[in-house]
Amino acid sequence: MSVLRTIGVPILSVLLAVGIGSLILLAGGYDPLKAYAALFQGAFGGPMRKPLDAIGDTLVRSTPLMFTGLAVGFGFRANLFNIGAEGQFILGSLGAAWFGLLFAGLPTIASIPLILIGAALFGAAWAFIPALLKARTGAHEVITTMMFSWIALYLTSWIISGPLAESATNNFQTPMLSSAVWLPTLDKIIPGLPALKYAHAGLLVAIAAAIVVALLLRRTTLGYEVRAVGFNPTAAQNGGISIPLTTIWALCISGALAGMAGASEVLGVTHRMYDQVSAGAGYGFTGIAVALLGRKNPAGIIVAALLFGALSAGSGTMQLFASVPDKIVMIIQALIIFFVGAETIVSWYVKRRQRLALERRGAAHAAE
Amino acid sequence: MPVLELREITKVFPGVRANDRVSLTLERGEIVALLGENGAGKSTLMNVAYGLLSADGGEILVDGAPVRIRSPRDAIALGIGMVHQHFMLVEPLTVTENIILGHEPTRFGVVDRKGARKRVEELSQQYGLKVEPDAVVRDLSVGMQQRVEILKALYQGARILILDEPTAVLTPQEVRELFRVIRSLVDAGLSVVLITHKLDEVMGAADRVVVMRDGRVVGETTPKETDQIGLARMMVGRDVVLRIDKAEAHPTEVVLRVTDLVVKSQRGLESLKGVSLEVRAGEIVGIAGVDGNGQTELVEAIVGLRRANSGKIALKDRDITRASTRKTIEAGVSHVPEDRHRRGLILEFDVAENLILGDHRRMPFARMGITRPGAISITARKRIEDYDIRTPSEYVLAGALSGGNQQKVVLARELGREPELLVAAQPTRGLDVGAIEFVHRRLIAERDSGTAILLVSMELEEVMYLSDRILVMYGGYVVAEFEAGEVDAERIGYYMTGGKPTESAAEPVVASGGAL
C-alpha cells in the first residue's frame, strides 16, 4: 500500500467528515466556525479554555483509545475482528480494581506493574474462550467476543455490587483504591512538565505498548506468523504455521491490550471501578474506529487515538461556548469512520472505471 | 444455423490471455464437449457466454443474430442457462423456492406458491427429472441438488444448457443418471455444452468435441474419429521445449515410501484408493495423469496438508503419516505447491520474508522467537543471486514479481533447505520457456546432488523428459509404472485415460490397472 494512500485516505476522511459536519451544523442553526473553534480550543487550548487543561483532557481521553485501538488493530493483522474489546476492557478494569485492592500494601514501583500485568491477563483470559472456539470450530469471533462483552458487563456488575462493593449501601462502586496504586500524573514523572489536567502515566504505558506491538509484529517470529496468517492462511499453513495456535495468540494479545486500557482508566482516572463503567464511554467500540483510521499500524493508531481524544475533549467546550450538543461530535466521529470505510467504495469505483474503459476498447477491436 | 455461436472470443486478465480468439458453434440438439485441462480457458469461455464475464474481443450470436450479453439476466433472456461446478442454491430453502428464485410468479403482488409448485411439477414431468418440490435443498444428495439446478435453468426457459464439470462431485451411479437426463433433454430439443476434462465422458456422451489448451482451440473432432488417447494427446501436449542434456541417474537408498495410502474427501468418496510408491535418493519419479485422479491428494497427504485415512508414509525410517506441515518440513520434505499464488507465496510479504517461510523459526533467521533481519537479508540476497531472481531488491513485495520469478522464489526457498525429499507439483505451470528451462535445470541438478524428487505434472512431455521412473495415476490408483526411455507418450496416454493392461508386446514394468 503506497504511503500516499496510507496517509492520504485518513486525512481525506477527516476533512470530508469535518466538511459534512459543517453542513449539519448549519442545518441545525449553529455557527460552524464558532463550533469548530470551540472544538479546537477545547482540545488544545485558547481563549475559551486554558491550554494546560485542554491538552491534559485530550491526553486523558486518548490514552484508553490508544490501548483499545492497538488491541483491535492487532486482531486485524491476523484477520480477526475483535469487536469484543469492550468486554475485555471491562475485565481489565475489574482486574485492576481487584488487584489494586489486593496489592495496596506493596511499594508503588512494584504494585503498578503487577496490577497492569494482572489486568492484561484478565483481558487475555476473556478473549481466550472465543479464540479457542474460533481455532477449534471456526466460530466467528465477532459473535463470540460480542456475546462475551455482554457477559462481562453483567458479571462485573454483579461482582461490584457484591463481593467488591464499597459497602452494603454504596454497592455501585468498589472502594477507592489506595493512592499507593494510583498512576502518577504526568507532571510528577516528567521533570519540568507543568500540571496537565488529569493526564497520567497511562499515556506513557500506552506509547510503550505501541512500541512493543510494533516490535512484536516486525521483529518476532510470532509477529511474522500473525501477519502471514492474516494475509494468506493457505500459504502460511504450507510453511508449517499452525493457524489455530496463531489465532489464539493473536486474539489473546488483543484482549490483553484491551484489558490494559481498562486498567489505565481505573488506576489513572477513576481510582475505583463503577458499575457499568464503560457502558457510557464505549472505549472498546471507539477502538475499532481508531484501529481503522490508524490503518492497523501502531504509529497511526496513536495519532488516530489522539484525534478521537481531541474530539471528545473539545465537545464539552463546544457545548458550553457554541451551544452545540455533543452528539454532533459523535456524528463527526461516525462520519470519519464512514469515509475511512468508504475507501473501499472509492477503490471499487476506480476499478470499475478501468474495466469499462477496457471493455470499450475491446468492443472497438471487435468492430474492426 | 447454429443455435449458439461464439466467434473469436478474447478475454484477457492481468498477465494471462484466458481466451485467445476462441470460436465455438453449437447446433440445435447437439451435445458439444468442451475439453481441456484446468486453466485451459473453458470455464472462462462459458462464463463469457453466460454473461458473468465480458469479453475483450469477439462476438456472440444466438440463432444467427449478434447479441450483447452483459449479465446473466441477458443470457437467461436469450435462453442460455448454466449449471456451475459449485452450485448456487440457497440451502435452507425448498426445491421449489430455489427453482423460482429471481423469477417468482406473482399473484396480486404476492408470490404464487401454488402456481410455482405446479409449474415445477410440470417441468419435472416434461423432462423426466424427478424431484420433491417441498424438500429442503440442504437435505438433498448432491446429485439431486444438481437436478434442481438443471430444473432452475429449464424453468427460466433455457434452450441452451451449459454444464460446468457436472460430474466432478457425483458418484458413478449419479453420473450415469445425469447422462440419461442430458440425453432426454437433448431429445426434447435442448442443446448442451458440456465442460469437462474427463475423457471417458466425452467419448461416451458427446456428439462433438472441442479441445482447448492455454486459451486457444487446438482441435475439433468427434468421438467416432478419435479415441481417448488421441484426445489426451490434444489436451495435454505442448510445444517442444529446449532439451538440456542430463546425465543418467544413480539412485541410492529409498527416501520416500508410501504404502497403501487411502485418502477420502469430505463426502466419503475416496480420492486415493490405496497407493503405494517409492522414491529413492538421486532419482526423479514423475506422476503422469489427468488432473483429478488423486495426484493433488497424494501430494497433500505426503506434505501434511491433508489427513490420510489409512496407509503409511515413511521418510527413510521416520513415519510421517500423521505429521503436520511443520513436522514434515523439519523431517526434510520440501514442497513446491501447484498453486504458487494461493499456497506458495504470501504476495503481501516481501521477497526476503517469503524466502524464509517455513524456516522462519530456526537459526539463522530467528533466535528464541526474535527474528534476525541481518541474517535474513544475507540469505535472501544469496538466494536471489543463485536463482537469478529478477528483482530490484529483496524488499520488493512478492506480488510485484513476474510469474517466473515468483516460482523461482518458491524454488529457492524449498531447495535452499536442502531437503531429503522434494515434492514438486506443476512446477512450470504458467511459466515462459526461459523460466521452464531454468526450473528443469534446477530439478536435475537437485537430483544429481542426491535429493529424492517426486514430480507431479499435467504436462506429459515434462514428466517424460525429467523423470527417471514414471508412474501413471488414474481413478485414485497408480495404474502403471515405467522406466523412462522405455515408453512413449501414446502408451502413457493410454493408461492415463483408464486403459487396462493388454497382452501386447510393450508391457510396462508394473501395471496394476487398479480395480481389475
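Only a predicted model underlies this, so the values are computations on that prediction, with no experimental measurement involved.

S.K.: With reference to specific residues and values, describe the overall build of chain A.
M.R.: Helix and strand content of chain A: 14 helices and zero strands. N-terminal to C-terminal, the α/β element order of chain A is α-α-α-α-α-α-α-α-α-α-α-α-α-α. Among the 368 residues that make up chain A, the fraction classed as buried is 48%. Once local pairs closer than 6 in sequence are excluded, the contacts in chain A between residues at least 24 apart make up 76%.

S.K.: Can you tell me about the interface of chain B and chain A, naming the residues and giving the values?
M.R.: Counting residues at the interface gives 27 residues for chain B and 20 residues for chain A. Elements with a contribution of two residues or more to the side of chain B that touches chain A: strand E4 (57-62), helix H10 (325-331), helix H11 (340-344) and strand E20 (370-371) of chain B. Broken down by class, the residue content of the side of chain B that touches chain A amounts to 10 nonpolar, 10 polar and seven charged.

S.K.: Outline unusual backbone geometry, supporting the account with residue identities and numerical values.
M.R.: Residues and elements named next belong to chain B. Note that the residue after Met 363, namely Pro 364, is joined by a cis bond; omega there is 0°. With respect to the secondary-structure elements, Pro 364 resides in the loop between helix H12 (351-355) and strand E19 (366-367). Of note, the phi angle at Asp 214 is positive, near 55°, even though the residue is not glycine. Residue class for Asp 214 comes out partly exposed when judged on the 17 C-beta atoms lying within 10 Å of it.

S.K.: Which residues make up the sheet that holds strand E17 (residues 318-319) of chain B, and what values do they have?
M.R.: Residues and elements named next belong to chain B. The sheet built from four strands is open, its strands ordered E14-E13-E16-E17 with antiparallel pairing. The two strands at the open ends of the sheet, each matched to only one other strand, are strand E14 (270-280) and E17. As paired strands, strand E13 (residues 254-264) and E14 are joined by eight bridges and run antiparallel to one another. When the sheet's bridge partners are listed, Leu 256 is paired in E14 with Val 279. Sitting on the sheet, helix H9 (residues 295-303) is in contact with E13, E14 and strand E16 (310-315), with an inclination near 65° to E14.

S.K.: Provide a residue-level description of the confidence of the model for chain B, including the pertinent values.
M.R.: All names here are of chain B. Put simply, chain B has an average pLDDT of 86, and 93% of its residues get 70 or more. For residues 511-516, every residue scores under 50 in pLDDT, and the model assigns this stretch 14 contacts once sequence neighbours within four places are set aside. This prediction of the complex comes with two scores: 0.75 for pTM and 0.82 for ipTM.

S.K.: Describe in detail the confidence of the model for chain A, supporting the description with residues and values.
M.R.: Across chain A, the average pLDDT comes to 85, with 90% of residues at 70 or higher. In the predicted structure, residues 362-368 of chain A sits below a pLDDT of 50 and forms seven contacts with residues beyond four places in sequence or in another chain.

S.K.: I'd like a description of the nonpolar core, backed by residues and values.
M.R.: By size, the foremost hydrophobic cluster in this structure holds 252 residues, and its most contacted members are A:Leu257 and B:Val472. When near neighbours in sequence (up to four residues on either side) are disregarded, B:Val472 contacts B:Ala288, B:Gly289, B:Val478, B:Val479, B:Ala480, B:Ile492, B:Tyr495 and B:Met496.

S.K.: With reference to specific residues and values, describe helix H1 (residues 42-49) of chain B.
M.R.: All names here are of chain B. Taken across its eight residues, H1 has eight buried, putting it largely inside the fold. For H1, every residue scored as buried is listed here: Lys 42, Ser 43, Thr 44, Leu 45, Met 46, Asn 47, Val 48 and Ala 49. Looking one or two residues past H1, Gly 51 carries a phi angle of roughly 85°, positive in sign.

S.K.: Before we move on, can you summarise the sheet that holds strand E5 (residues 65-67) of chain B with the specific residues and values?
M.R.: Residues and elements named next belong to chain B. Strand order in this open sheet of four strands is E2-E1-E4-E5, and the pairing throughout is antiparallel. Each edge of the open sheet is held by one strand with a lone partner, namely strand E2 (16-26) and E5. With direction set aside, neighbouring strand axes in the sheet form an average angle of 30°. Relative to E2, strand E1 (residues 4-13) runs antiparallel, the two sharing seven bridges.

S.K.: Outline the domain arrangement of chain B, supporting the account with residue identities and numerical values.
M.R.: By a frequent convention, interface size equals the accessible area lost on bringing the separate parts together. For chain B, the domain assignment lists domain 1 (4-236), domain 2 (240-332 + 419-516) and domain 3 (345-417). For domain 1 of chain B versus domain 3 of chain B, the separation of C-alpha centres amounts to 44 Å.

S.K.: Quick one: what's the story with helix H4 (residues 113-127) of chain B, residue by residue and with numbers?
M.R.: Look at H4(B): 21 Å from first C-alpha to last across 15 residues, which is about the 21 Å you get at 1.5 Å a residue. Where H4(B) ends, the next residue or the one after it, B:Gly128, has phi of about 70°, a positive value.

S.K.: Break down the packing of helix H4 (residues 85-102) of chain A against helix H6 (residues 141-161) of chain A for me, citing the residues and quoting the values.
M.R.: All names here are of chain A. Axis separation between H4 and H6 bottoms out at 7 Å; the angle between their running directions is 30°. The orientation of H4 relative to H6 falls into the category roughly parallel. Of the two possible hands of crossing, H4 and H6 adopt the one that is left-handed. Across from Glu 86, Gly 87, Ile 90, Leu 91 and Leu 94 in H4, the residues of H6 making contact are Thr 145, Phe 148, Ser 149, Ile 151, Ala 152, Leu 153, Thr 156 and Ile 159. The class makeup of the residues in the contact of H4 with H6 is eight nonpolar, four polar and one charged.

S.K.: Pulling in residues and values, what's your account of the environment of B:Leu163?
M.R.: All names here are of chain B. Locating Leu 163 in the fold gives a position in strand E9 (residues 160-164). It is 8.7 Å that separates the C-alpha atoms of Leu 163 and Gly 81, two residues lying 82 residues apart in sequence. With sequence-adjacent residues up to four places away left out, Leu 163 is seen in contact with Val 83, Val 192, Leu 194 and Ile 195.

S.K.: Could you give me a rundown of the packing of helix H2 (residues 32-44) of chain A against helix H3 (residues 51-77) of chain A, with the residues and numbers involved?
M.R.: Residue and element names in this part refer to chain A. The contact between H2 and H3 brings their axes to 5 Å, and the two run at 85°. By the angle class used here, H2 and H3 are roughly perpendicular. On the side of H2, the interface is formed by Gln 41, Gly 42, Ala 43 and Phe 44, while H3 contributes Pro 51, Ala 54, Ile 55 and Thr 58. Among the residues forming the contact of H2 with H3, the class breakdown is five nonpolar, three polar and no charged.

S.K.: I'd like a description of the environment of B:Gly294, backed by residues and values.
M.R.: Residues and elements named next belong to chain B. By secondary structure assignment, the location of Gly 294 is in the loop between strand E15 (284-288) and H9. Along the chain, Gly 294 and Leu 272 lie 22 residues apart, while their C-alpha atoms are 5.5 Å from each other. In contact with Gly 294, other than residues within four places in its own chain, are Ser 271, Leu 272, Val 275, Met 473 and Gly 476.

What counts and what doesn't
Residues numbered from 1 in each chain as written. Chains lettered and ligands numbered in written order. Predicted model: local features only at pLDDT ≥ 70, side-chain atom pairs only at ≥ 80, totals over all residues. Helix = DSSP H or I, 4+ residues; strand = E, 2+ residues; numbered from the N terminus. Buried ≥ 20, exposed ≤ 12 C-beta atoms within 10 Å, placed from the backbone. Contact = placed C-beta atoms within 7 Å. Nonpolar A, V, L, I, M, F, W, Y, C, P; charged D, E, K, R; others polar. Pairing = 2+ DSSP bridges. Axes fitted to C-alpha atoms, helices over the stretch in contact; angles between N-to-C directions. pLDDT = per-residue confidence, 0-100. Core = buried A, V, L, I, M, F, W, Y, C linked by C-beta atoms within 7 Å. Domains from an automatic or database assignment. Expected span 1.5 Å × (residues − 1). Parallel < 35°, antiparallel > 145°, perpendicular 65-115°, else oblique. Left-handed = near helix turned anticlockwise from the far one by under 90°.

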